[in-house]
Amino acid sequence: MTNDWARRISQFEAAQVRHADDPLPGQAAFRYRPGTRPVLISAPHGAYHWRQDYWKRPDGYTAALAHVLAEDTGAHALYTVRRIRPDPNFEDDSEYKRMLARLLRQRHIRLVLDLHGASPEREFALALGTMDGQSCPNYEAIIIQTFREQAFAPDHNHALDRLAVNPLHFKGGTLQHTVTRFVWEQCRVNAAQVELNAYLRVVRSDAVNTSTFAPDPIRQRRAITALINIIMTV
Ligand SMILES: [Zn+2]
């Protein structure tokens, strides 16, 4: 297994994700990559997404991360590669969610990990959202344990080593019609939202509009290792 993740994520994002473009006529804004393992990696915010009345910025590199994780583990992946309307993490009447529900049924998926991006100012490396412990009863403990093995801990005093579990605004769907909530409540499949701080997600510093920002490849490697190990335990 190659682990040159940063290069592969960067190449995939550049070649395959058209963040601000409409889908081609007759095509979806998202892409499904079939797998063999009972885990599905979702990245609904890989490109711009229509949230009520405006285009919200992409969670950069999450589409590429979903793809690369699937490539290395055999998980299924569903991710946006063109701008999408409406935002599948905000409304249930969504082609993305209909496709997701169909896949969960047909492919006997046991766990959905829904990847998102948080800004570099956030006081965590990763935020795990399980609707305050509801949406992922079978896997929440092992997910936390696996992040701990890569030295991301809920009580860590350094923000970029902290795994926040259901912090305010990142609970995965106690208020909004998220993917996590949809998968758990309507499909009865375990689901967790994973928010990655930009330091652990962005692989090229020119991708964000701040001169003080530099990606953290070592922490990114630890986060990806944890995600791979989580997928392999299911
Ligand atoms: Zn998001």
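Above: the structure in question.
Residues numbered from 1 in each chain as written. Predicted model: local features only at pLDDT ≥ 70, side-chain atom pairs only at ≥ 80, totals over all residues.

A. Helix α4 (residues 140–149), seen in detail. Three or more residues of α4 are buried, namely Ile143, Thr146 and Phe147. Buried residues of α4, seen end-on, are gathered within an arc of 100° and therefore sit on one face of the element. Turned more than 90 degrees from where α4 packs its buried face, Ala141 and Glu149 sit exposed. Residues of α4 that are buried in the fold lie against β7 (126–129), β8 (163–165), β9 (190–197) and α7 (217–233). With its phi angle positive at about 70°, alanine 151 sits one or two positions after the end of α4. (Buried ≥ 20, exposed ≤ 12 C-beta atoms within 10 Å, placed from the backbone. Helix = DSSP H or I, 4+ residues; strand = E, 2+ residues; numbered from the N terminus. Arc of directions from axis to C-beta. Contact = placed C-beta atoms within 7 Å.)

B. Spatial organisation of the sheet that holds strand β2 (residues 39–43). With mixed pairing, 7 strands are arranged side by side in an open sheet as β1-β5-β2-β6-β9-β7-β8. With one partner strand each, in any of the chains shown, β1 (30–33) and β8 form the two edges of the open sheet. Strand-to-strand twist of the sheet, defined as the mean angle between neighbouring strand axes without regard to direction, takes the value 20°. Relative to β9, β7 is paired through 4 bridges, and the arrangement is antiparallel. Bridge pairing links alanine 127 to glutamate 195 in β9. (Pairing = 2+ DSSP bridges. Axes fitted to C-alpha atoms, helices over the stretch in contact; angles between N-to-C directions.)

C. Structural view of the environment of arginine 18. Relative to the assigned elements, arginine 18 resides in the loop between α1 (5–16) and β1. Taking the C-alpha atoms as reference points, arginine 18 and threonine 233, 215 residues apart in sequence, are found 33 Å from one another. Discounting residues that sit within four places of it in the chain, arginine 18 has contacts with Ala47, Val81 and Arg82.

D. Highlighting the nonpolar core. With 70 residues, the main nonpolar core has Ile41, Leu65, Ala66, Leu69, Leu126, Leu163 and Val183 as its most contacted residues. Counting residues per element, this core draws most heavily on helix α2 (residues 62–73), which supplies 7 residues. (Core = buried A, V, L, I, M, F, W, Y, C linked by C-beta atoms within 7 Å.)

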